[in-house]
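Descriptive structure summary
For reference, the chains in residue letters:
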Amino acid sequence: MSNSSMVTATEHEYVLVLNGPNLNLLGSREPGVYGATTLADIVADLVACARGADPPLRLEHLQSNHEGVLVDAIQQLGPGSVGIIINPAALTHYSIAVRDALVAVNVPTVEVHLSNIHAREEFRHHSVIAPVVLGQIAGLGPDGYRLALQYLLGRRASSKANR
Ligand code: CA2
């Protein structure tokens, strides 16, 4: 098998990255809370990190301001993925629909928040998503996404080693 076809053989593997309402505004408003990095910057960093993995993998990214669109993405793209990285944004605090979709697909999932939701207003302290995911990273800014990806890559490597 040539090198290029070996790479192709692994490129069907992908991590699903989902971002919820208003995260399309990153970098343009409220830099004091959410920083100056745009969502495109965050995704570009994740794509580079995923490509540099051994073996490389793809990223499927979706940002939506609509709960049902995110639920559809979890249902349709979740089952074929290596794992899910999700910043549900405000949906974190009340979306039973997103939570139920994550439970239904049963894929390793990491919840990410740019800000430390536990140090902010009381209504942000509770996540309805946290109990059904592997873990939550909050307050580390854009690095949280990369750390989540590195974690999922490590999980993929150890699950392959144990086959
Ligand atoms: O810290 C996070 O990542 C959040 O998920 C962000 C959500 C917020 O509702 C969560 O409590 C914590 C808000 C995303 C809105 O993003 C904006 C970005 C720039 C300007 C305005 C909103």
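Data block above holds the structure.
For the structure given in this document, a descriptive report is provided here. Because the structure is predicted, anything quoted here is derived from the model rather than measured.

The next point concerns the packing of helix α3 (residues 39-51) against helix α6 (residues 143-161). The interhelical angle for the contact between α3 and α6, taken along N-to-C directions, is 25°, at an axis separation of 10 Å. On the basis of their axis angle, the class for α3 and α6 is roughly parallel. Read as a crossing pair, α3 and α6 show a hand that is right-handed. Contacts between α3 and α6 involve I42, D45, L46, C49 and A50 on the former and, on the latter, Y145, R146, L149, Q150 and L153. When the residues that make up the contact of α3 with α6 are grouped by side-chain class, the tally is seven nonpolar, one polar and two charged.

Let's shift gears to the nonpolar core. V15, L46, L57, L59, I85, Y145 and L149 are the most contacted members of the largest nonpolar core, which totals 25 residues. When residues of this core are traced back to their parent elements, those giving at least two are β1 (14-19), α3, β4 (109-113) and α6. The biggest single contributor to this core is α3, with six residues. Not counting residues up to four positions away in its chain, the partners in contact with L57 are E13, Y14, V15, A50, R51, V82, L153 and R156.

Attention now goes to the site of the ligand. Within the structure, the ligand sits among 17 residues, and N87, H93, H113, L114 and S115 are positioned closest to it. Within the side chain of H113, one N or O atom sits 2.9 Å away from an oxygen atom of the ligand. One of the side-chain nitrogen or oxygen atoms of S115 is found 2.5 Å away from an oxygen atom of the ligand.

Reading guide: rules and limits
Residues numbered from 1 in each chain as written. Predicted model: local features only at pLDDT ≥ 70, side-chain atom pairs only at ≥ 80, totals over all residues. Heavy atoms only, no water. Axes fitted to C-alpha atoms, helices over the stretch in contact; angles between N-to-C directions. Helix = DSSP H or I, 4+ residues; strand = E, 2+ residues; numbered from the N terminus. Parallel < 35°, antiparallel > 145°, perpendicular 65-115°, else oblique. Left-handed = near helix turned anticlockwise from the far one by under 90°. Contact = heavy atoms within 4.5 Å. Nonpolar A, V, L, I, M, F, W, Y, C, P; charged D, E, K, R; others polar. Core = buried A, V, L, I, M, F, W, Y, C linked by side-chain atoms within 4.5 Å. Buried < 20%, exposed > 50% of the residue type's maximum accessible area, 1.4 Å probe, protein only. Near = heavy atom within 4 Å. Polar contact = N/O pair within 3.5 Å; in protein donor to acceptor, adjacent residues only side chain to side chain.

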